[in-house]
Amino acid sequence: MLLNFLDALRTAGIPASIKEHLLLLEALDRDVIARRPEDFYYLARATYVKDEALLDRFDQVFARIFKGIMSDDGVEADIPEEWLRLVAEKFLSPEEMEKIKSLGDWDEIMKTLKQRLEEQKDRHQGGNKWIGTGGTSPFGHGGYNPEGVRIGGQSRHKRAIKVWEKREFANLDNQKELGTRNIKVALRRLRRFARDGAAEELDLDATIRGTARQGWLDIRMRPERHNAVKLLLFLDVGGSMDPFITLCEELFSAATGEFKNMEFFYFHNCLYEGVWKDNRRRFSERTPTWDILHKYGHDYKVIFVGDAAMSPYEISHPGGSVEHMNEEAGAVWLQRVAHTYPATVWLNPVPEAHWTYSQSTRMIRDLVQDRMFPLTLGGIDSAMRELTRKR
């Protein structure tokens, strides 16, 4: 079973080695954990997974390989007494709480679930009592009941009051589009630390050395250590980018917290002779693109964020912009940026499999010298590697 587990991890793209496999076997042989599935899960995850972007993939493999595993004591279904009451207080209106009484009170619902977990021995599909798929039982998956407890799988009717087998790390998979809390993790590869400015932080090592050398307390201070990377962020706004507003807001928030030396600008579809800082004032307060090229040094890294979806004429022809009469083609301005800032990448929120169907996407990709990456954890990781590559 464990060898099949190792093979499945490798097939899923998790770099699990024989050394790690032997380490897991040794840990099991020495009884470092209790003989419970949950403890084995955490031990295996700590042994095999070295990158948090792979946590969700590990969860999927573990669920598939060890599906149905249980402890010697049988099924454990310990449920916090206050859980359902908290759900009621937060999410249910008084009218909905009255409807739940159609199956009895909260305690009766969960008591019945425990009882059926103990009684049921086989898979069940359909029906109105046993835990299974389909049907109208309050417990199971894929059926319909106004106050059900979903056991595994994906939600269909959005009515379950409790969900078993919830994957807490679903948005950590580096092949998935980004969620809220993991963008900073993906951006951290683009770091170059330095200490400058006022000495406001205690230098403990220097204080210890100075005190030992002088014979009295010699307090030493130092400037705070911070990310010295300089970043220019260009964000496409409006039109076809509207479905990605939330994602771009999350990316912008994470980048603002991660990079102290960051400047951002907005553009629409393609870069032209002017950009803006406030999207509400896009037609009245523009910053000339030439000013940006002259003001910020060649050591700045540049990230464009956009879906690259537009008419090809917006890139290739003067006057092609849909908002104004541009004297020079958008391609000219993109080439100038790429020439001024050798470390330039483009992040595209559209799935990579769709890029080949868009002529404008192919054109933008060529203009940034094939340095276009999907806006996923894996894509941002690859983009940060590209930006840190020596040129």
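Please refer to the structure higher up on the page.
First things first, this report covers the structure right here in the doc. (Residues numbered from 1 in each chain as written. Predicted model: local features only at pLDDT ≥ 70, side-chain atom pairs only at ≥ 80, totals over all residues. Heavy atoms only, no water.)

Looking now at the overall build of the protein. Each helix and strand in the protein was counted, giving 15 helices and 13 strands. Here the protein holds 391 residues, and the buried ones make up 43% of them. For the protein, the computed accessible surface area is about 22,600 Å², with 51% contributed by carbon and sulfur atoms. (Helix = DSSP H or I, 4+ residues; strand = E, 2+ residues; numbered from the N terminus. Buried < 20%, exposed > 50% of the residue type's maximum accessible area, 1.4 Å probe, protein only. Areas by Shrake-Rupley, 256 points an atom, 1.4 Å probe, with all protein chains shown as cover.)

A few words on the environment of Ile364. In this fold, Ile364 is placed in helix 14 (residues 359–367). On the basis of relative accessibility, which here comes to 0%, the residue Ile364 falls in the buried class. Sequence spacing of Ile364 and Trp346 is 18 residues, and the spatial spacing of their C-alpha atoms is 8.7 Å. Those residues in contact with Ile364 that sit more than four places away from it in its chain are Cys270, Ala308, Met310, Ile315, Leu334, Trp346 and Met372. (Contact = heavy atoms within 4.5 Å.)

Here we take up the side chain of Asn326. On the secondary structure map, Asn326 appears in the loop between helix 12 (313–316) and helix 13 (330–340). Overall, Asn326 belongs to the buried group, its relative accessible area being 2%. A polar side-chain atom of Asn326 sits 3.0 Å from the main-chain amide nitrogen of Ser321. Those residues in contact with Asn326 that sit more than four places away from it in its chain are Tyr272, Glu273, His317, Pro318, Gly319, Gly320 and Ser321. (Polar contact = N/O pair within 3.5 Å; in protein donor to acceptor, adjacent residues only side chain to side chain.)

Glancing now at the pairing of strand 12 (residues 344–348). Burial analysis of strand 12 places five of its five residues in the buried class, the great majority of the element. Relative to strand 12, strand 11 (residues 301–305) runs parallel, the two being bridged by four bridges. Of the residues in strand 12, the one forming a bridge with Ile303 is Val345. The sheet contact formed by strand 12 and strand 13 (residues 372–374) spans three bridges and is parallel. The residue bridging Leu347 from the neighbouring strand is Phe373, located in strand 13. A crossover connection joins strand 12 to the parallel strand 13 through helix 14; in handedness this β-α-β unit is right-handed. (Pairing = 2+ DSSP bridges. Right-handed = clockwise from strand over helix to strand, strands pointing away.)

Under the criterion given, the structure shown has 18 aromatic pairs. The positively charged end of Lys277 is found above the aromatic ring belonging to Phe264, 4.0 Å away from the centroid. For the cation-ring pair, Arg336 lies above Trp333, with the distance from its terminal atom to the ring centre recorded as 4.5 Å. (Phe/Tyr/Trp six-rings, centres within 6.5 Å; stacked < 30°, edge-to-face > 60°. Lys NZ or Arg CZ within 6 Å of the ring centre and 35° of its normal.)

Under the criterion given, the structure shown has 10 salt bridges. Of the charged contacts, one joins Asp39 and Arg36 as a salt bridge, the two residues approaching to 3.2 Å between their closest N and O atoms. Across the salt bridge formed by Glu386 and Arg389, the nearest N and O atoms sit 2.9 Å from each other. Overall, Glu386 belongs to the buried group, its relative accessible area being 15%. With a relative accessible area of 45%, Arg389 lands in the partly exposed category. (Salt bridge = Lys/Arg side-chain N within 4 Å of Asp/Glu carboxyl O.)

Our focus in this paragraph is helix 14. Residues of helix 14 that are buried: Ser360, Thr361, Ile364 and Leu367. For helix 14, the angular spread of buried residues about the axis comes to 125°, placing them on one side. Buried positions along helix 14 lie against helix 12, helix 13, strand 12 and strand 13. Looking one or two residues beyond helix 14, the residue adopting positive phi is Gln369, at roughly 60°. (Arc of directions from axis to C-beta.)

Now for helix 1 (residues 2–11). For helix 1, the full list of buried residues reads Leu2, Phe5, Leu6, Ala8 and Leu9. Along the axis of helix 1, the buried residues cluster in a sector spanning 165°; they form a single face. In helix 1, the exposed residues that point more than 90 degrees away from the buried face are Leu3, Asn4 and Thr11. Along its buried surface, helix 1 packs onto helix 2 (18–29), helix 3 (37–48) and helix 4 (55–65).

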